[in-house]
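Tertiary structure, described
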Amino acid sequence: MALPGWTACAKCATGSYGSTSGLSSCSACETGSYANASGLVACDKCGAGSFTSETGLFVCSQCSSGTFTSDSGVSSCSLCMTGSYGTGNGQSACNACAEGSFASDSGLMYCSVCGTGTYTSAAGFSVCSECATGTFGAGTGWTACAKCATGSYGSTSGLSSCSACETGSYANAS
(Lines give C-alpha, C1' and ligand atoms only; values in the text may rest on other atoms or scores of the structure.)
Protein backbone atom coordinates (compact mmCIF):
# COMPACT_ATOMS: atom_id res chain seq x y z
CA MET A 1 0.00 0.00 0.00
CA ALA A 2 1.34 3.45 -0.93
CA LEU A 3 1.74 6.18 1.67
CA PRO A 4 -0.06 9.44 0.97
CA GLY A 5 2.20 12.29 -0.19
CA TRP A 6 1.94 16.03 0.21
CA THR A 7 -1.10 17.52 -1.43
CA ALA A 8 0.02 21.19 -1.22
CA CYS A 9 3.02 23.30 -0.27
CA ALA A 10 2.89 25.66 2.69
CA LYS A 11 4.06 29.25 2.44
CA CYS A 12 7.04 30.26 4.53
CA ALA A 13 5.76 31.98 7.69
CA THR A 14 6.41 35.61 8.61
CA GLY A 15 9.96 35.99 9.88
CA SER A 16 11.23 33.39 7.41
CA TYR A 17 11.87 32.97 3.68
CA GLY A 18 12.45 30.38 0.98
CA SER A 19 14.90 31.50 -1.69
CA THR A 20 14.77 28.42 -3.95
CA SER A 21 12.22 25.83 -5.06
CA GLY A 22 12.08 22.30 -3.68
CA LEU A 23 12.71 23.25 -0.05
CA SER A 24 11.80 21.00 2.86
CA SER A 25 11.82 23.96 5.30
CA CYS A 26 12.18 27.74 5.33
CA SER A 27 15.09 29.77 6.69
CA ALA A 28 14.71 32.29 9.52
CA CYS A 29 15.51 35.91 8.70
CA GLU A 30 18.95 36.87 10.00
CA THR A 31 19.49 39.56 12.64
CA GLY A 32 19.07 43.00 11.09
CA SER A 33 16.34 41.78 8.73
CA TYR A 34 12.65 40.86 8.78
CA ALA A 35 9.84 39.29 6.73
CA ASN A 36 6.44 40.85 7.45
CA ALA A 37 4.42 38.58 5.17
CA SER A 38 4.26 34.86 4.46
CA GLY A 39 5.62 33.30 1.28
CA LEU A 40 8.58 35.66 0.79
CA VAL A 41 11.70 34.67 -1.13
CA ALA A 42 13.98 37.08 0.79
CA CYS A 43 13.97 39.11 4.00
CA ASP A 44 14.13 42.91 3.98
CA LYS A 45 16.86 44.78 5.85
CA CYS A 46 15.79 46.98 8.73
CA GLY A 47 16.21 50.63 7.74
CA ALA A 48 18.32 53.28 9.43
CA GLY A 49 17.04 53.97 12.96
CA SER A 50 15.80 50.38 13.42
CA PHE A 51 17.17 46.89 14.12
CA THR A 52 16.40 43.26 14.93
CA SER A 53 18.57 41.57 17.54
CA GLU A 54 17.13 38.07 17.00
CA THR A 55 16.57 35.84 14.00
CA GLY A 56 13.13 35.03 12.59
CA LEU A 57 11.41 38.35 13.27
CA PHE A 58 8.63 39.91 11.22
CA VAL A 59 9.09 43.52 12.36
CA CYS A 60 12.07 45.74 13.23
CA SER A 61 12.39 47.60 16.53
CA GLN A 62 13.15 51.31 16.60
CA CYS A 63 16.30 52.58 18.26
CA SER A 64 15.36 54.04 21.65
CA SER A 65 15.98 57.63 22.73
CA GLY A 66 19.69 58.32 23.19
CA THR A 67 20.65 55.71 20.56
CA PHE A 68 20.85 55.61 16.76
CA THR A 69 21.95 53.68 13.71
CA SER A 70 22.68 55.27 10.37
CA ASP A 71 23.14 51.89 8.66
CA SER A 72 20.51 49.42 7.50
CA GLY A 73 20.50 45.73 8.39
CA VAL A 74 21.96 46.04 11.89
CA SER A 75 21.36 43.96 15.01
CA SER A 76 21.73 46.80 17.55
CA CYS A 77 21.82 50.57 17.90
CA SER A 78 24.75 52.69 19.10
CA LEU A 79 24.70 55.17 21.97
CA CYS A 80 24.80 58.84 21.06
CA MET A 81 28.34 60.02 21.76
CA THR A 82 29.30 62.61 24.37
CA GLY A 83 28.48 66.10 23.12
CA SER A 84 25.33 64.84 21.40
CA TYR A 85 21.83 63.60 22.23
CA GLY A 86 18.89 61.69 20.75
CA THR A 87 15.40 62.76 21.78
CA GLY A 88 13.13 60.34 19.96
CA ASN A 89 12.83 56.73 18.91
CA GLY A 90 14.02 55.55 15.50
CA GLN A 91 16.85 58.06 15.06
CA SER A 92 19.36 57.57 12.26
CA ALA A 93 21.68 60.25 13.72
CA CYS A 94 22.20 62.10 16.98
CA ASN A 95 22.03 65.88 17.37
CA ALA A 96 25.03 67.93 18.52
CA CYS A 97 24.52 69.90 21.72
CA ALA A 98 24.05 73.60 20.93
CA GLU A 99 26.50 76.33 21.94
CA GLY A 100 26.19 77.01 25.68
CA SER A 101 25.26 73.39 26.47
CA PHE A 102 26.98 70.01 26.84
CA ALA A 103 26.46 66.24 27.20
CA SER A 104 29.12 64.62 29.39
CA ASP A 105 27.86 61.04 29.01
CA SER A 106 26.97 58.91 26.00
CA GLY A 107 23.39 57.80 25.36
CA LEU A 108 21.71 60.98 26.62
CA MET A 109 18.30 62.26 25.56
CA TYR A 110 19.10 65.93 26.24
CA CYS A 111 21.98 68.32 26.80
CA SER A 112 22.63 70.26 30.00
CA VAL A 113 23.07 74.02 30.04
CA CYS A 114 26.48 75.38 31.07
CA GLY A 115 26.36 76.85 34.57
CA THR A 116 27.46 80.30 35.69
CA GLY A 117 31.15 80.99 35.13
CA THR A 118 31.33 78.46 32.28
CA TYR A 119 30.63 78.37 28.53
CA THR A 120 30.90 76.43 25.28
CA SER A 121 31.73 78.41 22.16
CA ALA A 122 30.64 75.80 19.60
CA ALA A 123 28.20 72.90 19.23
CA GLY A 124 29.02 69.34 20.29
CA PHE A 125 30.90 69.82 23.55
CA SER A 126 31.05 67.21 26.33
CA VAL A 127 32.13 69.71 29.03
CA CYS A 128 31.89 73.45 29.56
CA SER A 129 35.04 75.54 29.89
CA GLU A 130 35.59 77.88 32.82
CA CYS A 131 35.70 81.58 32.09
CA ALA A 132 39.34 82.73 32.14
CA THR A 133 40.76 85.13 34.73
CA GLY A 134 39.66 88.67 33.98
CA THR A 135 36.33 87.43 32.55
CA PHE A 136 33.00 86.21 33.94
CA GLY A 137 29.81 84.39 33.00
CA ALA A 138 26.87 85.75 35.01
CA GLY A 139 24.16 83.49 33.62
CA THR A 140 23.68 79.97 32.37
CA GLY A 141 24.04 78.80 28.77
CA TRP A 142 26.73 81.30 27.84
CA THR A 143 28.63 80.90 24.55
CA ALA A 144 31.44 83.31 25.54
CA CYS A 145 32.56 85.04 28.71
CA ALA A 146 32.49 88.80 29.18
CA LYS A 147 35.52 90.91 30.13
CA CYS A 148 35.53 92.50 33.55
CA ALA A 149 34.63 96.18 33.18
CA THR A 150 36.91 99.11 33.99
CA GLY A 151 37.20 99.40 37.76
CA SER A 152 36.65 95.69 38.37
CA TYR A 153 38.74 92.52 38.18
CA GLY A 154 38.54 88.71 38.14
CA SER A 155 41.50 87.06 39.83
CA THR A 156 40.42 83.42 39.30
CA SER A 157 38.79 81.44 36.54
CA GLY A 158 35.16 80.35 36.53
CA LEU A 159 33.70 83.53 38.03
CA SER A 160 30.05 84.51 37.77
CA SER A 161 30.89 88.18 38.47
CA CYS A 162 33.88 90.47 38.76
CA SER A 163 34.93 92.23 41.95
CA ALA A 164 35.07 96.02 42.24
CA CYS A 165 38.47 97.53 42.85
CA GLU A 166 38.90 98.74 46.43
CA THR A 167 39.30 102.39 47.29
CA GLY A 168 42.74 103.57 46.29
CA SER A 169 43.18 101.01 43.44
CA TYR A 170 42.05 100.68 39.83
CA ALA A 171 41.74 98.29 36.91
CA ASN A 172 41.77 99.61 33.35
CA ALA A 173 40.03 97.30 30.89
CA SER A 174 42.19 96.75 27.82
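Description of the structure in this document. (Residues numbered from 1 in each chain as written. Predicted model: local features only at pLDDT ≥ 70, side-chain atom pairs only at ≥ 80, totals over all residues. Heavy atoms only, no water.)

**Topic: the overall build of the protein**
- Helix and strand counts for the protein come out as 0 helices and 18 strands.
- Relative to its length of 174 residues, the protein is extended, with a C-alpha radius of gyration of 30 Å against a globular reference of 16 Å.
- Across its three principal axes, the protein shows a C-alpha extent of roughly 120 × 20 × 15 Å.
- Counting all 174 residues of the protein, 24% fall into the buried class.
- Restricting the contact set of the protein to residue pairs at least 6 apart, pairs at least 24 apart contribute 38%.
- If you sum the accessible surface of the protein, you get close to 10,400 Å²; carbon and sulfur atoms cover 52% of it. (Helix = DSSP H or I, 4+ residues; strand = E, 2+ residues; numbered from the N terminus. Rg over C-alpha atoms; globule rule 2.2 N^0.38 Å. Buried < 20%, exposed > 50% of the residue type's maximum accessible area, 1.4 Å probe, protein only. Contact = heavy atoms within 4.5 Å. Areas by Shrake-Rupley, 256 points an atom, 1.4 Å probe, with all protein chains shown as cover.)

**A few points about the state of the cysteines**
- Under the defined criterion, the tally for this structure stands at 9 disulfides.
- The partner cysteine of Cys12 in its disulfide is Cys26, sulfur to sulfur 1.9 Å. Around the S-S axis, the bridge from Cys12 to Cys26 shows a dihedral of about -85° and counts as left-handed. On the criterion of sequence distance, the pair formed by Cys12 in the segment before strand E1 (16–17) and Cys26 in the loop between E1 and strand E2 (27–28) is long-range, its members being 14 residues apart.
- Judged by its relative accessible area of 34%, Cys26 falls in the partly exposed class.
- Disulfide pairing is shown between Cys131 and Cys145; the S-S distance is 2.0 Å. Note on the Cys131 and Cys145 pair: the S-S dihedral is about -80°, so by sign convention the disulfide is left-handed. Taken together, the residues span a long stretch of sequence, with Cys131 in the loop between strand E14 (129–130) and strand E15 (135–136) and Cys145 in the loop between E15 and strand E16 (146–147) at a distance of 14 residues.
- The class for Cys131 is buried, based on a relative accessible area of 0%. (Disulfide = S-S within 2.5 Å.)

**What about the environment of Ala98?**
- Locating Ala98 in the fold gives a position in the loop between strand E10 (95–96) and strand E11 (101–102).
- Using a relative accessible area of 46% as the deciding quantity, one classes Ala98 as partly exposed.
- A sequence separation of 60 residues divides Ala98 from Ser38, and the C-alpha atoms of the two residues are 47 Å apart.
- Aside from chain neighbours lying at most four places away, what touches Ala98 is Thr120, Ala122 and Ala123.

**Notes on the environment of Thr150**
- Note that Thr150 resides in the loop between E16 and strand E17 (152–153).
- Under the relative-accessibility criterion, Thr150 is labelled exposed at 57%.

**A look at the packing of aromatic side chains**
- Counted under the stated rule, the structure contains 1 aromatic pair.
- Seen in terms of ring centroids, Phe136 and Trp142 are 6.1 Å apart; in terms of plane orientation they differ by 55°. Their pairing is tilted.
- Judged by its relative accessible area of 24%, Trp142 falls in the partly exposed class. (Phe/Tyr/Trp six-rings, centres within 6.5 Å; stacked < 30°, edge-to-face > 60°.)

**Regarding the environment of Val41**
- Structurally, Val41 is set in the loop between strand E3 (33–34) and strand E4 (44–45).
- Note: C-alpha distance between Val41 and Ser126 (85 residues apart in sequence) is 47 Å.
- Among all residues touching Val41, those that are not within four sequence positions of it are Tyr17, Gly18 and Ser19.

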